Amino acid sequence: PADVDIVVVAHNTLPALPGVFDALMATGCPQAQVTLVDVASTDGTGAWLAGAYPGVRHRLLEKNDGPGPGRNIGILEATRPFVLLMDGDVLLEPDTVQTLHAAMLADRRIRVGSPVVVHASRPEYIQYAGGGIHFICEAINPWMDRSRAERGDAPADIDAAPTCALLLDRQTSLDIGLFDERYFIGKEDGDFTHRFRMAGYIIRELPDAVVKHHSRPRGTWLFYYQIRNRWHFMLKNYQWRTLIAILPCLLVHEPVQFAVLDRKSTRLNSSHVAL
């Protein structure tokens, strides 16, 4: 649609970008509506883009502070009412944007349109759908690795969505304060979409809108951010009486989490040594 800006945020994802942009252009999107926010990539992303898609705007960031600043720049510098925010390893299906866009125009309470995210290597299986945030600030992802057939074709109003690909109302994104750049990676999308819900707006998930994500296992370096960002989310968004109320749960969860992450880290490190 002519009133949608596309913002692709990428950091060293050049192997995936040709497929990402081929799928994007196959939707009929003009290059002039697309910005690639390049988060300090060192893999030749800028040179590739200039040769392959010269009509796409290249916005280079000199420093990698995570995806949040790049997403914020993309939203701030957009000129159209809607912004499709995408990661640099996501493949759009041909009608995804139009499906989300039509739903948001039909019901102005919807300020975020969310597709169902499937594994690019196994597109019949879901990676993200039906998202939410547990009160101890762990992600709820009930359809992970279950089939699209099991999920069914009913739209759903959800409480949080991953930023693999989201269609956003630009002005509302500005009004709620954009992405919190104090997160480096992890929980930043939950925090961002949570604030749409806190402001009284709807996040509508449409199973007819699908994107394929080049999913891969996360490394142990993310464990620090997983813990840090959970606590940042809770201290930022919860009142003290809420923290006191959930303290018994946290006294169980936190030691168990540390034990699980330590065990997982040990196992991964042992496998690397074996290799």
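Notes on the structure follow. (Residues numbered from 1 in each chain as written. Predicted model: local features only at pLDDT ≥ 70, side-chain atom pairs only at ≥ 80, totals over all residues. Heavy atoms only, no water.)

On to the overall build of the chain, then. Along the chain, the regular secondary structure elements total ten helices and twelve strands. Taking 2.2 N^0.38 as the reference for a compact globule, 275 residues should give roughly 19 Å; the C-alpha atoms of the chain span a radius of gyration of 19 Å, in line with that estimate. Its C-alpha atoms put the chain at 55 × 50 × 40 Å along the principal axes. Expressed as a percentage of its 275 residues, the buried residues of the chain come to 51%. Put simply, 74% of the contacts in the chain that link residues at least 6 apart link residues at least 24 apart. By element, 58% of the accessible surface of the chain is carried by carbon and sulfur atoms, the whole surface being about 13100 Å². (Helix = DSSP H or I, 4+ residues; strand = E, 2+ residues; numbered from the N terminus. Rg over C-alpha atoms; globule rule 2.2 N^0.38 Å. Buried < 20%, exposed > 50% of the residue type's maximum accessible area, 1.4 Å probe, protein only. Contact = heavy atoms within 4.5 Å. Areas by Shrake-Rupley, 256 points an atom, 1.4 Å probe, with all protein chains shown as cover.)

This paragraph deals with the environment of R108. Along the chain, R108 falls in the loop between α4 (96-106) and β6 (110-119). Classification of R108 by relative accessible area gives partly exposed; the value is 38%. When the C-alpha positions of R108 and Y201 are compared, they lie 8.8 Å apart, and in sequence the two are 93 residues distant. Residues within four places of R108 in sequence aside, it is in contact with F82 and D169. Separated by 2.9 Å, the side chains of R108 and D169 make a polar contact. (Polar contact = N/O pair within 3.5 Å; in protein donor to acceptor, adjacent residues only side chain to side chain.)

Right, let's get into the pattern of salt bridges. For the coordinates displayed, the defined rule picks out 21 salt bridges. We note a salt bridge from E77 to R59, for which the minimum N-O separation is 2.8 Å. Taken together, the positions of E77 in helix α3 (residues 67-77) and R59 in strand β3 (residues 57-61) put the pair 18 residues apart, joining distant regions of the chain. For R59, a relative accessible area of 25% corresponds to the partly exposed category. D180 serves as the salt-bridge partner of K236, at 3.0 Å between the closest nitrogen and oxygen. In this pair, K236 is assigned in helix α8 (residues 223-237) and D180 in the loop between α6 (170-175) and α7 (188-198), connecting sequence segments 56 residues apart. K236 sits in the partly exposed class, given a relative accessible area of 31%. (Salt bridge = Lys/Arg side-chain N within 4 Å of Asp/Glu carboxyl O.)

Right, let's talk about the nonpolar core for a bit. Ranked by size, the top nonpolar core spans 36 residues in total, and within it I6, F21, L24, V34, V56, L84 and M86 carry the most contacts. In terms of residue count, helix α1 (residues 17-26) provides more of this core than any other element does, six residues in total. Discounting chain neighbours no more than four positions away, the residues touching F21 are V8, V34, L36, W48, L49, Y53 and V56. By size, the runner-up hydrophobic cluster in this structure holds 21 residues, among which are V9, I73, V112 and L168. (Core = buried A, V, L, I, M, F, W, Y, C linked by side-chain atoms within 4.5 Å.)

To continue, consider α8. Counted at 1.5 Å a residue, the expected span for α8 with its 15 residues is 21 Å, and the 21 Å between its end C-alpha atoms agrees. If you check which residues of α8 are buried, you get F223, I227, N229, R230, H232, F233 and M234. (Expected span 1.5 Å × (residues − 1).)

Glancing now at the pairing of β3. Direction of pairing for strand β2 (residues 34-39) relative to β3: parallel, over a ladder of five bridges. Its bridge partner being in β3, V39 is matched across the sheet by L61. (Pairing = 2+ DSSP bridges.)

In this section: the side chain of D5. Its place among the elements puts D5 in strand β1 (residues 4-10). A distance of 2.8 Å separates the side chain of D5 from the backbone nitrogen of T79, its partner in a polar contact. Setting aside residues no more than four positions away along its own chain, D5 makes contact with Q33, A78, T79, R80, F82, V83 and L84.

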